[in-house]
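Structural characterization, general
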Amino acid sequence: MKVGLFIPCYINQLYPQVGKATLELLERLNVEVAYPSGQTCCGQPMANSGYEYESVGACNNFVDNFKEFDYIVMPSGSCAYHVKKHFDVIPQTDDVVKVRENVYELCDFILNVLKVKNVGASFPYKVGLHKSCHGLRGLRLGSCSEMVTEEYSYIGALLEEVSGTEIIELTREDECCGFGGTFAVTEEAISVKMGKDRIQDHLDNGAEVITATDTSCLMHLEGLVTRNKQPLKILHIAEILNSVGDQKLKK
Amino acid sequence: MSHSKAATIFNKDEKKVNWHDKALWFVRHKRDISAHTVKGWEELRSLGQGIKAHTLSNLDTYLIQFEKNALNNGVQVHWAKDGDEHNKIVRRILKEHHAKKVVKSKSMLTEECHLNPFLEAEGIEIIDTDLGERIVQLAKEPPSHIVLPAIHKTKEEVDELFQEHLGTKPSGGDPQYLTGEARKHLRQKFIEADVAITGVNFAIAETGGFVVCTNEGNADMGAHLAPVHIACMGIEKLIPKQEHLGVFLRLLARSATGQHITTYSSHFKRPQKGNEMHIIIVDNGRTEQLSRPDFRSSLHCIRCGACMNTCPIYRRSGGHSYDATIPGPIGSILSPGKDLKEHSSLPFASTLCGSCSDVCPVKIDIHAQLYKWRQIITKETPQPFVKKFSMKIMGSIFSKPKQFEQVGKIARWSLRNLPKGMINSKPNVWGKERDLPLGPKESFDEWFKNRKKDGQ
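1. Concerning the overall build of chain B
Looking only at helices and strands, one finds 22 helices and 10 strands in chain B. By its C-alpha atoms, chain B is 95 × 55 × 45 Å across when sized along the principal axes. Burial statistics for chain B: of 456 residues in total, 48% are counted as buried. Sequence separation of 24 or more characterises 72% of the internal contacts of chain B that already satisfy a separation of 6 or more.

Take a look at the structure:
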């Protein structure tokens, strides 16, 4: 099983600890992971802003880096969804089709490919799970509150097995946080309001930590939490799943 | 004004935003409870989608079949290519009957055609009889929601409005008193009306009949009392068979308000003896939208408003921020088809969270169409230089790993070393209310390289 690790551009530059946790977690689960050094970005920032044609170079670079792998794993539902859903902007060669088929969000990969539920982590805190939209409604990593289907959550399934973790219930279980890429800037007022409301829901229900599959949502929420000095820690799901031994939260 | 500017103004009153958000979320929640009681809800949605897709791909046949059957029923059928033609047909019918007073039940189509100002300019009194519609009419505002037209108004605001226009007593916003007074006021208008105008929710090709759904019975009150009934419909309102109503009436009420069935689903087929019934079938840009494969399914819409109630942006920006007849997610994929430049900010008024598509009773892939409109808008309408240029630069950086590494280094250094006041200065919109992460010394790339060197 050849597994390639994709670390989204903003995680690579701004949140390397999320990348480290992802790599260490996979290695702890005995996966041999390769990290191709020429990778950059999935192309989503340009494409979602309406400049799909400016994302072609990024898409091609992505495919060049990952065409050799059986599985391409990343700590992001949003980037995985982008590759699956929007890479039709480049010609559909065999390599492109293969890459699109083999892209996995981290939790999806652990639960459904590795078939592991208990990753041996311990994290004794009250955790609010923010269900990032592209992973949820794009990749269907869980049931969506709008639809009449059986309830499930890949991320929840892994988190439930983490020793000491209490998953809190939210009043609005899967509302968007308001990040939305360039939306965060072009629609600043609404974006901030959505973020504030999402944080309040977690606070009202007793969360000590907010986690998600996507650091983009978390960067937005963290930006608000830090500015407003709110008593919440923001961690990517990989960081929680990679918590072994005694964990003390640095607040 | 762009959506973001209008929404910023709306957000100056946070209390009102919270109230607006909660009021609409309450409706979304009622819809969830109601949908969950239907076994096979998702199949019902698929059926609704399938029937609509079939109808639209055979629209020519069904329109002709509908016209033929309606004529046989004794209904007069008119065709209008746009809003102007529609309004002129209405005026002609009114003139033939020397009509001066018109009552109208809710119809988004007549809003779209701007029928009210057109008739008012001719000296005709036209009264909206849906309570919410009447409220916004008195306030001289367009509806802010397609099912709940006055959802942006508090009951206290309605109280003041009624005092001014209907001469009511101050009641502190007592809903029972206010609706009672509205009822008295509207009863008089129904009795005096020369002509009643209604919209059409569903037109049935095989019978030539049509169905109008209201919760207040105001379509019936108008149509039964006035000697002339004019029903206005877009070409996409057609369904092939009577039995298909069973699919759509169930989907519509539950999606719109969480009701099991709309209070009045009124079936009209032929005029009463001595009366007249007219149907105006309107295109107004719909065939053009039908010709666009990526956006065709936007015409499936049955105007339930569920996408508005679920949309986190709509709930926090109010319907008027969209500055379009149909606001919210569905409006944001319909409006650019009418005037791309005027409505170019709407497809960007979304995080592409996808909730609209999942809640839609006829499975319109609204968020996917928003994404597609974005691609067209950046090519066909003038864009700010900064946006265009920065996208080009980003596109180039991300196609060259070496450049990406260098730019990343500079960005991280800046975040670490520049004073906060400088980082969060005005050009950085992000920093107005949010902090940026502290730039780490080492990128993941660098850490990984060092780790390999260390032989870990």
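Having seen the structure, we can now continue with the description.
2. Here we look at the overall build of chain A
Looking only at helices and strands, chain A has 13 helices and eight strands in total. At 17 Å, chain A has a C-alpha radius of gyration in line with the 18 Å of a compact globule built from 251 residues. With the C-alpha coordinates aligned to their principal axes, the bounding extent of chain A is approximately 50 × 45 × 40 Å. Taken across its 251 residues, chain A has 59% of its residues classed as buried. Residue pairs at least 24 apart in sequence account for 76% of intrachain contacts in chain A once pairs closer than 6 positions are excluded.

3. Concerning the domain arrangement of chain B
For chain B, the assigned domains are domain 1 (38-145 + 191-284) and domain 2 (390-453). The distance between the C-alpha centroids of domain 1 of chain B and domain 2 of chain B comes to 56 Å.

4. Description of helix α20 (residues 401-417) of chain B
Counting along an α-helix, one turn takes 3.6 residues, and residues three or four places apart therefore face a common direction. Taking 1.5 Å per residue as the helical rise, α20(B) with its 17 residues ought to reach 24 Å, and the 24 Å between its terminal C-alpha atoms agrees with that figure. Along α20(B), the residues classified as buried are F404(B), G408(B) and R412(B). Along the axis of α20(B), the buried positions cluster into a sector of 60°, meaning they face one direction only. Turned more than 90 degrees from where α20(B) packs its buried face, K402(B), Q406(B), I410(B), W413(B) and N417(B) sit exposed. Where α20(B) is buried, its residues touch α1 (9-14) of chain A together with α19 (385-399) of chain B.

5. Focus on the interface of chain B and chain A
The interface of chain B with chain A comprises 56 residues on the first partner and 60 residues on the second. At seven residues, the largest contribution of residues to the side of chain B that touches chain A is made by α19(B).

6. Side note on the sheet that holds strand β1 (residues 76-80) of chain B
In a beta sheet, neighbouring strands are held together by backbone hydrogen bonds and run either parallel or antiparallel to one another. All names here are of chain B. Sheet architecture is open: six strands sit in the order β1-β10-β7-β4-β2-β3, paired in parallel fashion. Across the chains shown, the open sheet's two edge strands, defined by having one partner strand only, are β1 and β3 (125-128). Strand after strand, the sheet turns through a mean of 20° between neighbouring axes, direction not considered. The sheet contacts of helix α11 (residues 218-225) involve β2 (101-104), β4 (195-198) and β7 (228-234), and relative to β4 the element is tilted by about 145°.

7. Overview of the sheet that holds strand β9 (residues 264-268) of chain B
All names here are of chain B. Overall, mixed pairing links the four strands, which are arranged β8-β5-β6-β9 in an open sheet. Sheet topology places β8 (238-239) and β9 at the edges, where each strand pairs with a single neighbour. Both strand β5 (residues 202-204) and strand β6 (residues 210-214) contribute to a ladder of two bridges, which runs antiparallel. Pairing of F202 across the sheet is with V211, part of β6.

8. Notes on the packing of helix α9 (residues 155-166) of chain B against helix α10 (residues 175-192) of chain B
What describes two packed helices is the angle between their axes and the distance between those same axes. All names here are of chain B. Where α9 meets α10, the closest approach of the two axes is 11 Å, and the angle between their N-to-C directions is 35°. In the crossing of α9 with α10, the sense of the turn from one axis to the other is left-handed. Across the interface between the two elements, K155, V158, D159, F162 and L166 from α9 touch P175, L178, E181 and H185 from α10. Partitioning the contact of α9 with α10 into residue classes produces five nonpolar, one polar and three charged.

9. Remarks on helix α1 (residues 3-10) of chain B
Restricting attention to buried positions, one finds in α1(B) the residues H3(B), S4(B), A7(B) and F10(B). An end-on view of α1(B) places all buried positions within 115° of arc, on one side of the element. For α1(B), the elements touching its buried residues are α10 (183-186) and α11 (188-204) of chain A together with α2 (14-36) and α15 (312-317) of chain B.

10. Quick word on the domain arrangement of chain A
Residue and element names in this part refer to chain A. For chain A, the domain assignment lists domain 1 (3-113) and domain 2 (126-241). Put simply, the middle of domain 1 and the middle of domain 2, counted by C-alpha atoms, are 21 Å apart. Broken down by secondary-structure element, the contributors of at least two residues to the side of domain 1 that touches domain 2 are α1, α2 (16-28), α3 (44-48), α5 (77-86) and α7 (106-113).

11. Observations concerning the environment of S298(B)
All names here are of chain B. Mapped onto the fold, S298 is located in the loop between α13 (286-290) and α14 (306-310). Taking the C-alpha atoms as reference, S298 lies 39 Å from K400; in sequence the two are 102 residues apart. Setting aside chain neighbours within four positions, we find S298 in contact with Q289, I330, I333, L334, I364 and Q369.

12. A look at unusual backbone geometry
Look at N30(A): it is not a glycine, yet its phi comes out positive at around 65°. Assignment of secondary structure puts N30(A) in the loop between α2 and β2 (33-34). Look at D323(B): it is not a glycine, yet its phi comes out positive at around 45°. Locating D323(B) in the fold gives a position in the loop between α15 and α16 (328-338). For D323(B), a count of 18 C-beta atoms within 10 Å puts it in the partly exposed group.

13. Looking at the nonpolar core
All names here are of chain B. Ranked by size, the top nonpolar core spans 177 residues in total, and within it V195, F210 and M233 carry the most contacts. Dropping the residues within four chain positions of it, V195 is found in contact with L94, H97, A99, V102, A226, V228 and I230. Counting 11 residues, the second-largest nonpolar core is a separate cluster that includes L24, V27, F162 and A182.

14. Remarks on the environment of K441(B)
Residues and elements named next belong to chain B. As for its placement among the helices and strands, K441 is situated in the loop between α21 (420-423) and α22 (444-453). Its 11 C-beta neighbours within 10 Å are what place K441 among the exposed residues. Between the C-alpha atom of K441 and that of Y322, which follows or precedes it by 119 residues, the distance is 43 Å.

15. Observations regarding the pairing of strand β3 (residues 71-74) of chain A
Residues and elements named next belong to chain A. The pairing of strand β1 (residues 3-5) with β3 spans three bridges and is parallel. Paired with V3 across the two strands is Y71, which belongs to β3. Bridge count between β3 and strand β4 (residues 103-105): three bridges; the pairing is parallel. Within β4, the position partnered with M74 by the bridge is E105.

16. Brief notes about the packing of helix α4 (residues 56-66) of chain A against α19(B)
Between α4(A) and α19(B), the shortest axis-to-axis distance is 7 Å and the interhelical angle comes to 15°. When the interaxial angle is binned, α4(A) and α19(B) end up roughly parallel. Seen from above, α4(A) lies across α19(B) with left-handed handedness. Here G57(A), A58(A), N60(A) and N61(A) of α4(A) lie close against α19(B), whose contacting residues are G395(B), S396(B), F398(B) and S399(B). Of the residues that constitute the contact of α4(A) with α19(B), the class distribution is two nonpolar, six polar and no charged.

17. Description of the confidence of the model for chain B
For chain B, per-residue confidence averages 96 on the pLDDT scale, and residues scoring 70 or more make up 100% of the total. Interface predicted TM-score (ipTM) for the complex: 0.96; the corresponding pTM is 0.96.

Conventions adopted
Residues numbered from 1 in each chain as written. Chains lettered and ligands numbered in written order. Predicted model: local features only at pLDDT ≥ 70, side-chain atom pairs only at ≥ 80, totals over all residues. Helix = DSSP H or I, 4+ residues; strand = E, 2+ residues; numbered from the N terminus. Buried ≥ 20, exposed ≤ 12 C-beta atoms within 10 Å, placed from the backbone. Contact = placed C-beta atoms within 7 Å. Rg over C-alpha atoms; globule rule 2.2 N^0.38 Å. Domains from an automatic or database assignment. Expected span 1.5 Å × (residues − 1). Arc of directions from axis to C-beta. Pairing = 2+ DSSP bridges. Axes fitted to C-alpha atoms, helices over the stretch in contact; angles between N-to-C directions. Left-handed = near helix turned anticlockwise from the far one by under 90°. Nonpolar A, V, L, I, M, F, W, Y, C, P; charged D, E, K, R; others polar. Core = buried A, V, L, I, M, F, W, Y, C linked by C-beta atoms within 7 Å. Parallel < 35°, antiparallel > 145°, perpendicular 65-115°, else oblique. pLDDT = per-residue confidence, 0-100.

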